[in-house]
Amino acid sequence: MNLFLESFFNFQIMSEASPLLIRGLGTTAMLCAVVIPLGLIGGLTVALMALSSNTWLRWSIIALIDLFRAVPPLVLLIFIYSGLPFAGIELSPFTAVCVGFFLNNSAYYAEIYRAGIESVGVGQMEAARSTGLKNIQAMVYVILPQATRNVLPDLLSNTIEVVKLTSIASVVALQELLYSADMARSVTYNSSPIVMAAGIYLLILWPVVRMLSKLEHKVGH
Amino acid sequence: MNSSQTVSRWDLFVETFFSQRLIDEYSGAIAEGVLITCEIALLVVVTGIALGLLLAMLRSYRFLPFNVLVLCLVDILRSLPPLVLILLAYFGLPAIGFSMSGFVVLWLVLSLILAAFAEEIFWAGILSIRRGQWEAARSTGLGHTQTIVYVIIPQAVRMTVAPLTNRTIAITKNTALGTVIGVGEILNQASTAQSFSGNATPLMMGAIAYIILFIPVVAVGRWIETRFAWRRI
């Protein structure tokens, strides 16, 4: 038992590592503040393009969505970070993560928006158009508000996944929360800093996961 | 002049990302990675879904302490990034005498995470079955366990197919995280080959391997989503 506490809940090591972890948390927060809005905007744009009446555009967008859903985010990130420099495109870890997340998240958010838009009845569009609204106005004022409400649990669920996914930025040496914790671990030969990082993720995400569960059950009934 | 310049740029691009020599040299390693990725993915899908279904069924007995325990465990597994759990299991557990290979760690961690998500999805499915079904089944003389196995689960599973497929695909792609703890899956083989050869071709091969492996899966997921769309009762 003592060995367990010593290895995973060593408070002395935790307190020594905490300034490092708090700085890491700051980077994680900044990363989220950039990639979540980027993904939401990218996803909405892609979803609208995927609904286009132009068959060519529609199918190439759907192919792109599936392509970026098929490649694991870490593979995409490593390709951008260590593959592109060979082609003369060198990006900082932060930029590489932002680009990779933008491509990956846009595909996922786009699928959610698309499902949402399709869940709104055709009659809504026709009614809106018949009141004299233009196509774009009908989309913005009538369809999208209803679509967003219908897929709110999915949007929230995907956003939780994005926040969790920022941890893979540690692989390309971006000093976010998990990178900082792992650095502290390798210096102290003790896993307590990672337990601490886990605690921080839990503190932030557990309430959101609970909220999501409530929301899902409410919509489901 | 101009055209010869574009040709040489094209050659440079091909040499950087599609070098024939390196493709020949490393296709064996990538193939080995594909095999390991498939092995872990299949293991994770089987154990994760089976465990999730088992937990959801046990939860229907509504034994409070057990349910609170399951709920906490599921919430924790849904809140933590997989990479955190992988690092914790791989580097932390040996300190208290549990040494596992990277392969086993990856399999266990991803299975537990899939089980947590699957439990929630199955539980939502079980809850969506109307009370009348329970009452009717029980009144024919079936016990609780028989009711779950023969009446509730077959109906609930149908509704869980679409969300479960998407979640399973997402978690299976996390096998790439194994590269961090030295599991020789596709990404690991590709990055090792890349650092040996100083060329981006192996990474491109790895990415293409993933695309070939997962595009059909994503397409099937898309088909299932329309075929088994969640019908609200």
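Note that residues are indexed from 1 along each chain, following the sequence as it is written. Going through the entries in the order they are written, you letter the chains from A and number the ligands from 1. Restriction of local features to residues with pLDDT of at least 70 applies here, the model being predicted, together with a cutoff of 80 or more for giving and counting side-chain atom pairs; totals for whole chains, interfaces and linings are based on all residues.

Caption draft 1: Up close: the overall build of chain A. Working definition: helices are DSSP H or I runs of at least four residues, strands are E runs of at least two. Numbering for both runs from the N terminus. Regarding its fold elements, chain A presents 10 helices and zero strands. Reading the helices (α) and strands (β) of chain A from amino to carboxyl end gives α-α-α-α-α-α-α-α-α-α. When its C-alpha atoms are laid out on the principal axes, chain A stretches across 70 × 50 × 25 Å. Three exposure classes are used, based on other C-beta atoms lying within 10 Å of a residue's own C-beta, which is placed from the backbone: buried for 20 or more, exposed for 12 or fewer, and partly exposed in between. In chain A, buried positions account for 40% of the 221 residues. Note on contacts: each residue gets a C-beta atom placed from the backbone, and two residues are in contact if those atoms are within 7 Å. The contacts in chain A between residues at least 6 apart in sequence include a share of 74% that link residues at least 24 apart.

Caption draft 2: Focus on the interface of chain B and chain A. Contacts between the two partners involve 37 residues from chain B and, on the opposite side, 38 residues from chain A. Contributions of two or more residues to the side of chain B that touches chain A are made by helix H1 (2-17), helix H3 (64-79), helix H4 (82-92), helix H5 (102-128), helix H8 (186-197) and helix H9 (201-227) of chain B. With 10 residues, the single largest contributor to the side of chain B that touches chain A is H9 of chain B. Residue composition of the side of chain B that touches chain A, by class: 26 nonpolar, eight polar and three charged. Just so you know the grouping, Ala, Val, Leu, Ile, Met, Phe, Trp, Tyr, Cys and Pro go in nonpolar, Asp, Glu, Lys and Arg go in charged, and all remaining residues, Gly too, go in polar.

Caption draft 3: Just unusual backbone geometry, in detail. All names here are of chain A. Phi is positive for Ala 173, which is not a glycine, with a value near 65°. One can find Ala 173 in the loop between helix H8 (152-165) and helix H9 (177-188). On the neighbour-count criterion, Ala 173 (11 C-beta atoms within 10 Å) is exposed. Phi at Tyr 189 is positive, roughly 55°, even though this residue is not glycine. Along the polypeptide, Tyr 189 turns up in the loop between H9 and helix H10 (192-220).

Caption draft 4: Quick peek at the nonpolar core. Judged by nonpolar contacts, the single largest core of 119 residues is most densely connected at Val 75, Leu 77 and Ala 197 of chain A together with Val 84 and Ile 86 of chain B. Ignoring any residue separated from it by four or fewer positions in sequence, one finds Leu 77 of chain A in contact with Ala 96, Val 97, Gly 100, Ile 168 and Val 172 of chain A. In plain words, the nonpolar core is the set of buried Ala, Val, Leu, Ile, Met, Phe, Trp, Tyr and Cys residues that C-beta atoms within 7 Å link up.

Caption draft 5: Summary view of the packing of helix H2 (residues 11-50) of chain A against helix H5 (residues 93-119) of chain A. All names here are of chain A. Axes here mean lines fitted to C-alpha atoms, for a helix over just the part in contact, with angles spanning 0 to 180 degrees between N-to-C directions. Their axes nearest at 6 Å, the elements H2 and H5 cross at an angle of 45°. Judged by the inter-axis angle, H2 sits oblique to H5. The chirality of how H2 crosses H5 is right-handed. Among the residues making up the contact of H2 with H5, the classes are represented as 19 nonpolar, five polar and one charged. Note on terminology: angles under 35 degrees are roughly parallel, angles over 145 are roughly antiparallel, angles of 65 to 115 are roughly perpendicular, and the others are oblique. Crossing handedness follows the turn of the near helix against the far one: under a right angle anticlockwise gives a left-handed crossing, and clockwise gives a right-handed one.

Caption draft 6: Summary view of the confidence of the model for chain B. All names here are of chain B. pLDDT is defined as a per-residue confidence score from the predictor, taking values between 0 and 100. Taken as a whole, chain B shows an average pLDDT of 90; of its residues, 95% reach a score of 70 or greater. Predicted confidence in chain B is weakest over H1, with a mean pLDDT of 75, and strongest over H4, with 96. What the predictor reports for the complex is a pTM of 0.90 with an ipTM of 0.90.

Caption draft 7: Structural detail: the environment of Met 211 of chain A. The topology assignment puts Met 211 of chain A in helix H10. Through-space distance from the C-alpha of Met 211 of chain A to that of Val 142 of chain A is 27 Å; in sequence the pair is 69 residues apart.

Caption draft 8: Spotlight on the environment of Val 142 of chain A. Residue and element names in this part refer to chain A. In this structure, Val 142 sits in helix H7 (residues 135-150). Residue Val 142 is classed as partly exposed on the basis of its 18 C-beta neighbours within 10 Å. For Val 142, the contacting residues outside a window of four places in its chain are Gln 124 and Ala 128.

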